[in-house]
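# Chains, contacts and geometry: an overview
Chain by chain, the residues run as shown.
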Amino acid sequence: MSAAPTLAGAAPEIDLAQLVKRYGRKHALEGVDLQLTGAQLVGVVGPDGAGKTTLLRAIAGLLEVEAQRANVLGFDLRGDVRALKAQVGYVPQLFALNRELSVIENLRFTGKLHRIATAVFERRAEELLARTALAPFADRPTGALSGGMKQKLAVANALLPEPALLVLDECTAGVDVVARAEIAALLAARRGETLVLLSTSYLDEAASCDRLVYLDAGRVLATGTPAELRAQVRVELYRAWAAAPRAIAAAARALPYVVAVRTSGRYARVEVAAERSPGAARVIADLAALAGVRVVELRPLDMETTLLALARSGARA
Amino acid sequence: MKARRLRTLMVREVRATLRDPFTVISLIAVPLVALLAFSSILATNVEHMRLGVHDASRSALSRRLLSDVAASGAFDPSPYATREALEAALVAGEISAALVLPPDLQDALAQRAGAAPPEVQVLYDGAETVLAGNADAFLRSILAASGARISVRELSSRATRLGELRSPAARAGVDVVTQALFNPQLLGRPFMVAGTFGFVLSFVTVLITAVSIVNERLSGTFDQLQLTPATTVEILLGKLLPLGAVFSLDVLLMVVVAGLVLGVWPAGSVLFFLLVATVYVSMSLSLGLIFSATSATAAEAVQKTVLFSVPLVQLSGFAFPIRNMPMPVQWLAELLPATHFIRVARAIYLRGAGPFELWSELLFLGAFGAALIALAVRTLERRT
Amino acid sequence: MERLRHFATNVLAMAYREGSVMRHDKAFIAAVAVQPIVMLLLFGGALSNEPANVPWAVLDQSQSAGARRLVEEIGATGYFLAPQRVASYEDGRALLARGAAVALVVIPHDFQRDTFRSRPQIQLLLDGADPLTAARIGGTIGQVARKFDPDLRSVAARSADRPAVANGSAGLQTRPRFWFNPTLRDRNFFLAALGGMLLTNLCFSVSSIGLVGERESGTYEATLALPTSPLEIVLGKLLPYVGVCYVVLVIAIVGAGTLFGVWPKGSWLAIGVLTLPFVFASLSVGVLISTLVHTSAQAVFLTVFVILPSVVLSGVMFPYQLMPHGVRAIGAILPLRWYQIGLRSLVLRGGDFGDVWVPLVALCLQFTVLMALVRWRMKPRLG
């Protein structure tokens, strides 16, 4: 991909303080504080209804918001956002290109509104279609594409103006593995040039982000690299292998320091509150003593446990 | 079929229907607005119609004539100085009719014996056909009456014998004593009110039924209900019966509003009318069911219903008499249940007809209704 | 200046997209072509208020030559079916009550005798259940009767003497003339304003359903994320339909001309100019509807129930001049009211710009008010 002149000097930056979005009496965002600097891949994670879509829409300049500070790429979200939109690519949650139009017609429409010169448009469109393997389908009605192709097209469409900020709302939800990998490759190519903000419910996607923003009940509860978030979570994770993991779950929950137990396959995942933990050796011994348990091991924190622990702390707060 | 299960489903349906403000508005506002709008559009009389007058005679006689015209309340005369101005106003549509009084009006009326009576010219805007037709009859009768009175006065002041005065008119023409039965003033209102029932029950209710069933299917509640012990027929009856009951209540509401607000009560039995309307409601429900079964989305169901119902209402004699249509169109119209329902509604509302006078129409409605219900059931069976 | 150019190019980009969508939409193209033709046939050929095939009955108690001649003359007006002879007054009334006859003409025993002594009388019973037909039939029979000369022998004498007495009863003679439509054909009345009906249907539905559809499918959100504004989106989306409206209008006018011989007598240019603010105002109504509803189904529903009163109260099918004052005032809010006034003047009365300035100003005013309403209802951003 060619160098993006719009981006060369300006550092993409999101600077929000006490961002509030109300729908009638309901608050979708209850004072979001968020600073993001530099071209990086940022994942927005959190439970359903946390306000992820609302936050992304707000950052893309689609919503009227109230805030102490609401700067995106140096533009105030509360003011005229047209100049901001010229530098933002946005992919909504549901596929939203015109189904009746062909692939190339959809791209051309985006190009026209972004005032991309015809020659430049032709070059970029060709390149994007080649990268997404959509070139053979350029003249096919968009509605006739498969789900994965549609999402690839949506991302390519958002990348067409070579935006400084790319906002993707669960753009890989329900997409097959191959297409997800292709989309990830598209985004990876922009790493270092574009600030990419994506919400996701896939743990591997979240884990591969440079930085995560954990949102719950309309507030940012934590931000940081995946490693930093893991460090914030005061939980130890153990895996207890058993022939019938369900059978040991109740007994494990009865231990005073155990926070949560979930069974999967042939083992039970046991989370222990770090501050109450009697030490790894003792926990392993306690768990091994339960009837039916064959092996117990201490595991490094994974993304799932991290997010669930964050969700629990969010629920308590 | 279990009565208890059915009742549970029905209660659920009534709750769901009443919770959706859009449906509630359509059920109450649409029939009432239709009633009020339609009841006022058909008129056989003329009121305060703008009448351009060019009075070239400028005589006492012409002024008397004009004051008679104005006094009728049917026309609001406004004077024009020249004939050209009058004609321009007619072209521009400022006036719908024009009266030209000739300069020799007074003289012509004075020199009565044997001469032609003075000629008054009336111009109508034929672009407004109904208006011109109505106005013509009105204006002529006013002018005739006024002219006769004036000529009596004119001539009797000259001490002419009455016999002489009457002679020219007496030998010409036949007097018509007109009496309109069932609706002595030929008001458009009861005619349209009765027709509006046909409109609402052939269109609005079909629409609501179709949309309601499609929405149910789309939201997946149908599938959920399929998992309960209820059968398809029960589920549908649980949906249709409350809707039918609500529509019948709608008819009652319309009858009451038409009576209290518009002063139009059925001349015949209210109970008989409600009964016939309820039978007709079952046909709307079946139609709505058929439309919903063949539509993928609610918008599609609405579009289908509109495309089907609008010509149906146009051809059913709701606004335009069927007998004025070309023969093939008349045959088509006779095949529509709406035609027969509207005929029955008008017969009950205006002529006070009962079941004996209407047996053939009722028979048709019954047969058609049975066929439609059978078709709806078959459509469903094919789908499930 | 720069802003204005951006505005124009954005609107054109939207128009390009909508035009491309339209080109792919075969159902829409079919509807645009078929609807005018169906309506033309319906209003040109099928629907009419002119009485025709009217069933009637005669109770001839006089059994005289004069009575037979009167019945013949009434039948000769062409409105009626062959008369049904009834033997008694009760039989006649029963026919009326059944709806089997609209009119009953009763010619009394002394009809013939009265023709020599005084003015003879007949009785006319009408079925008021069908008021419009009854009123017209009553007028027609009245006219025939007034002109009727029961005494054949005097015809020659009178035609020499008093040629015109026939038309007025006494004193005054009225000579009516129906301008612009001498035979008072309903067809001309309907066809002249058909374009108004068609464009109302088209404009209301494409804008309301189209915009709600964009919102539902998410394309509105996606487009709004591009450097454009709601006003540009809406204007650009609706712009191609202005062209479609003119196509429909031309189909309607040419169709009415070739099929039924109703060509515009006035200025074509004025029709074109008058149509522009009407189309814009009607499209704005659709946009306004789209801001009031949430789903496509609701949009279609509401659109239908806005189109109906528009057609009914505007005067396009029924003369608004005869409606009660309150209802007439409501009708004046509708763009279709003013458009049909202007259209009838231009098509039937041969009017020109000078004759339609009132509707023209009214339509521009309505468009301005509607635009203000739209801008007030339409949010600059989502939700």
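See above for the structure.
Notes on the structure in this doc start here. The numbering scheme is per chain: residues are counted from 1 as the chain's sequence reads. Chain labels run from A onward and ligand labels from 1 onward, assigned in the order the entries are written. Given that the model is predicted, a residue must reach a pLDDT of at least 70 before its local features are reported, and side-chain atom pairs must reach 80 or more before they are shown or counted; all residues, however, enter totals for whole chains, interfaces and linings. Side-chain descriptors were evaluated using all non-hydrogen atoms of the structure, hydrogens and water having been removed beforehand.

### A short note on the overall build of chain C
- Only DSSP runs of H or I reaching four residues or more are called helices, and only runs of E reaching two or more are called strands; each is numbered from the N terminus. Of regular secondary structure, chain C possesses 15 helices and 5 strands.
- With 383 residues in all, chain C has 59% of them scored as buried.
- Taking contacts inside chain C between residues at least 6 apart in sequence as the whole, the part at least 24 apart equals 77%.
- Carbon and sulfur atoms form 65% of the exposed surface of chain C, whose accessible area is close to 14600 Å². The buried label applies to any residue whose accessible area, calculated with a 1.4 Å probe on protein chains only, is under 20% of its type's maximum; exposed applies above 50%, and partly exposed to all values in between. Contacts were defined at the residue level, with two residues in contact if any of their heavy atoms lie within 4.5 Å. In this description, accessible areas are obtained by the Shrake-Rupley approach with a 1.4 Å probe, and a residue is regarded as covered only by the protein chains that are shown.

### As for the overall build of chain A
- For chain A, the count of helices and strands is 11 helices and 14 strands.
- When the 317 residues of chain A are sorted by exposure, 53% land in the buried category.
- Long-range contacts, defined as pairs at least 24 residues apart, comprise 70% of the intrachain contacts of chain A with a sequence gap of at least 6.
- As presented, chain A carries roughly 13400 Å² of accessible surface, and 53% of it is formed by carbon and sulfur atoms.

### As for the pairing of strand β1 (residues 56-60) of chain C
Residues and elements named next belong to chain C.
- In terms of burial, β1 is largely enclosed, as 5 of its 5 residues are buried.
- Pairing between strands is defined by DSSP: at least two bridges between them are needed. Where β1 meets strand β2 (residues 84-85), 2 bridges bridge the pair, whose relative direction is parallel. Along β2, the bridge assignment pairs Val58 with Arg85.
- By convention, orient the strands away from the viewer: a clockwise path from the first strand over the helix to the second makes the crossover right-handed. One crossover worth recording links β1 to the parallel β2 by way of helix α3 (residues 65-75), and it is right-handed.

### Regarding the pairing of strand β7 (residues 165-169) of chain A
Residue and element names in this part refer to chain A.
- A large share of β7 lies buried, amounting to 5 of its 5 residues.
- Examined bridge by bridge, strand β6 (residues 88-91) and β7 share 4 bridges and lie parallel to one another. Across the sheet, residue Val91 finds its bridge partner in β7, namely Leu168.
- Looking at chain direction, β7 and strand β8 (residues 195-199) are connected through 5 bridges and run parallel. Pairing of Val167 across the sheet is with Leu197, part of β8.
- This β-α-β element, β7 to helix α6 (residues 177-190) to β8, shows right-handed connectivity.

### A word on the nonpolar core
- Within the largest apolar cluster, 158 residues are counted, with the highest numbers of intra-cluster contacts made by Phe197 and Phe199 of chain B together with Phe43, Met317 and Tyr339 of chain C.
- The element best represented in this core is helix α8 (residues 188-219) of chain B, accounting for 17 residues.
- Residues contacting Phe43 of chain C, with those up to four places away along its chain left out, are Gln314 and Phe320 of chain B together with Arg187, Phe190, Leu191, Leu194, Met197 and Met317 of chain C.
- What we call a nonpolar core is a set of buried Ala, Val, Leu, Ile, Met, Phe, Trp, Tyr and Cys residues that are connected through their side-chain atoms within 4.5 Å. Formed by 46 residues, the second largest nonpolar core is a distinct cluster that contains Leu41, Val45, Leu97 and Leu212 of chain A.

### Considerations on helix α1 (residues 2-24) of chain C
- In a helix, the anticipated span is given by 1.5 Å times the number of residues less one. Taking 1.5 Å per residue as the helical rise, α1 of chain C with its 23 residues ought to reach 33 Å, and the 33 Å between its terminal C-alpha atoms agrees with that figure.
- If you check which residues of α1 of chain C are buried, you get Asn10, Val11, Ala13, Met14, Ala15, Arg17, Glu18, Ser20, Val21 and Met22 of chain C.
- Where the residues of α1 of chain C are buried, they touch α2 (82-85) and α3 (103-113) of chain A together with α2 (26-46), α8 (186-217), α9 (219-224) and α10 (230-260) of chain C.

### Observations concerning the pattern of salt bridges
Residues and elements named next belong to chain A.
- Whenever a carboxyl oxygen of Asp or Glu lies within 4 Å of a side-chain nitrogen of Lys or Arg, that contact is scored as a salt bridge. If you walk through the whole model with that rule in mind, you get 27 salt bridges over all chains.
- Residue Asp76 is joined to Arg78 by a salt bridge in which the shortest nitrogen-to-oxygen separation is 3.1 Å.
- Residue Asp76 is classed as partly exposed on the basis of its relative accessible area of 30%.
- You can call Arg78 partly exposed: its relative accessible area is 38%.

### Examining empty space enclosed by the protein
- Cavity and pocket criteria rest on a 1 Å grid covering protein atoms alone: a 1.4 Å probe that fits but cannot get out defines a cavity, protein on both sides within 12 Å along at least 5 of 7 lines defines an open pocket, and an atom within 4 Å of a point defines a lining residue. Grid points are joined across faces, edges and corners, and a volume is the space filled by probe spheres set on the points. Summed over the entire model, instances satisfying the criterion amount to 9 cavities of 30 Å³ or more.
- Volume-wise, the largest cavity comes out at about 230 Å³.
- Tyr90, Leu97, Thr110 and Asn157 of chain A together with Ala222 of chain C are, among the 24 residues lining the largest cavity, the residues nearest its centre.
- Elements with a minimum of two residues in the lining of the largest cavity: β6, α3 and α5 (147-159) of chain A together with α9 of chain C.
- Here the lining of the largest cavity takes 4 residues from β6 of chain A, the largest share from any one element.
- Looking at the second largest cavity, its volume works out to about 110 Å³.
- Surrounding the second largest cavity, Leu231, Val234, Leu235, Leu238, Phe280, Leu283, Ser284, Val287, Phe367, Met371, Val374 and Met378 of chain C form its lining.
- Listing elements by their share of the lining of the second largest cavity, those giving two or more residues are α10, α11 (268-292) and α15 (357-377) of chain C.
- For this classification, the nonpolar set comprises Ala, Val, Leu, Ile, Met, Phe, Trp, Tyr, Cys and Pro, the charged set comprises Asp, Glu, Lys and Arg, and every other residue, Gly included, is treated as polar. Partitioned by chemical class, the residues of the lining of the second largest cavity number 11 nonpolar, 1 polar and no charged.

### Description of the interface of chain A and chain C
- If you look at the interface, chain A gives 32 residues, while chain C gives 29 residues.
- When two parts are put together, the accessible area they lose, computed with a 1.4 Å probe and summed over both, is reported as buried area. Here chain A meets chain C over a buried area of about 2800 Å², counting both sides, of which 56% is carbon and sulfur.
- In terms of surface lost to chain C, no three residues of chain A exceed Arg82, Phe109 and Leu113 of chain A, which account for 24% of the buried area on that side.
- Taken together, the links from chain A to chain C amount to 4 salt bridges.
- With its nearest N and O atoms 2.9 Å apart, the salt bridge here joins Glu232 of chain C to Arg82 of chain A.

### As for the packing of α8 of chain B against helix α14 (residues 337-351) of chain B
Residues and elements named next belong to chain B.
- Here the axes come from fitting lines to C-alpha atoms, over the contacting stretch only for helices, and the angles between their N-to-C directions go from 0 to 180 degrees. The geometry of α8 relative to α14 is characterised by a closest axis approach of 8 Å and an angle of 145 degrees between their N-to-C directions. Crossing geometry of α8 relative to α14 is assigned as right-handed. Together, Pro190, Phe191, Met192, Val193, Ala194, Gly195, Phe197, Gly198, Leu201 and Ser202 of α8 and Ala338, Phe341, Ile342, Ala345, Arg346, Tyr349 and Leu350 of α14 make up the contact between the two elements. We call a crossing left-handed when the near helix sits turned anticlockwise from the far one by less than a right angle, and right-handed when that turn is clockwise.

### Remarks on the side chain of Lys52 of chain A
All names here are of chain A.
- Its place among the elements puts Lys52 in helix α1 (residues 52-59).
- Polar contacts here mean pairs of N or O atoms no more than 3.5 Å apart (in protein, one a potential hydrogen donor and the other a potential acceptor; neighbouring residues in sequence count only if both atoms are side-chain atoms). Within the structure, Lys52 has its side chain in polar contact with the backbone oxygen of Gly46 (distance 2.9 Å).
- Beyond its immediate sequence surroundings of up to four residues, Lys52 is in contact with Val44, Val45, Gly46, Pro47, Glu170, Ser199 and Leu215.

### As for the packing of aromatic side chains
- Centres within 6.5 Å make a pair out of two Phe, Tyr or Trp rings, where for Trp the six-membered ring is used; the pair is then stacked when the planes are under 30 degrees apart, edge-to-face when over 60, and tilted otherwise. Evaluation of the coordinates by the stated rule reveals 21 aromatic pairs over all chains.
- Aromatic rings pair up to connect Phe38, Phe199, Phe203 and Phe318 of chain B together with Phe301 and Phe305 of chain C into one cluster.
- Criterion for a charge above a ring: Lys NZ or Arg CZ within 6 Å of the ring centre, and within 35 degrees of the ring normal. In this arrangement the basic side chain of Arg239 of chain A is found over the ring face of Tyr267 of chain A, its NZ or CZ atom lying 4.1 Å from the centre.

### Let's talk about the environment of Leu101 of chain B
Residue and element names in this part refer to chain B.
- Following the sequence through the fold, Leu101 ends up in strand β3 (residues 97-101).
- Leu101 sits in the buried class, given a relative accessible area of 0%.
- Spatially, the C-alpha atoms of Leu101 and Leu66 are 9.7 Å apart, while their sequence positions differ by 35 residues.

### Quick word on the sheet that holds strand β13 (residues 267-273) of chain A
Residues and elements named next belong to chain A.
- Spatially, 4 strands are ordered β12-β13-β11-β14 in an open sheet, and the strand pairing comes out antiparallel. Strands at the two margins of the open sheet, each flanked by one partner only, are β12 (258-264) and β14 (293-299). Adjacent strand axes in the sheet meet at a mean angle of 20 degrees when their direction is disregarded.
- Looking at chain direction, strand β11 (residues 235-242) and β14 are connected through 6 bridges and run antiparallel. In the sheet register, Arg239 faces β14, and the bridge partner there is Glu297.
- In this fold helix α9 (residues 245-253) packs onto β11, β12, β13 and β14, with an angle of close to 175 degrees to the strand it touches most, β12.
- Against the sheet, helix α10 (residues 280-288) engages β11, β13 and β14, with an angle of about 155 degrees to β14.

### Here's the deal with a nonpolar patch on the surface
Residues and elements named next belong to chain B.
- The patches described consist of residues with a relative accessible area above 30% and no salt bridge, like charges being joined within 9 Å and nonpolar side chains (Val, Leu, Ile, Met, Phe, Trp, Tyr) within 5 Å. Taken together, the side chains of Leu36, Leu249, Leu252, Val256, Leu260, Val261 and Trp265 define a hydrophobic patch exposed on the protein surface, amounting to about 670 Å² of accessible area.
- With 5 residues, helix α10 (residues 232-262) is the single largest residue contributor to the nonpolar patch.
- Tracing the backbone shows Leu36 in helix α2 (residues 21-39).
- Relative accessible area serves as the criterion here: at 40%, Leu36 is assigned to the partly exposed category.

### What about the sheet that holds β8 of chain A?
Residue and element names in this part refer to chain A.
- Pairing within the open sheet is mixed, and its 6 strands lie in the order β6-β7-β8-β3-β9-β10. The strands lining the two open edges of the sheet, one partner per strand, are β6 and β10 (219-224). For this sheet, the mean inter-axis angle between neighbouring strands, taken without regard to orientation, is 15 degrees.
- For strand β9 (residues 211-216) and β10, the ladder comprises 5 bridges, and the chain directions are antiparallel. By the bridge assignment, Leu212 is partnered in β10 with Gly224.
- Its contacts with the sheet place α5 against β6 and β7, and it is angled at close to 165 degrees to β6.

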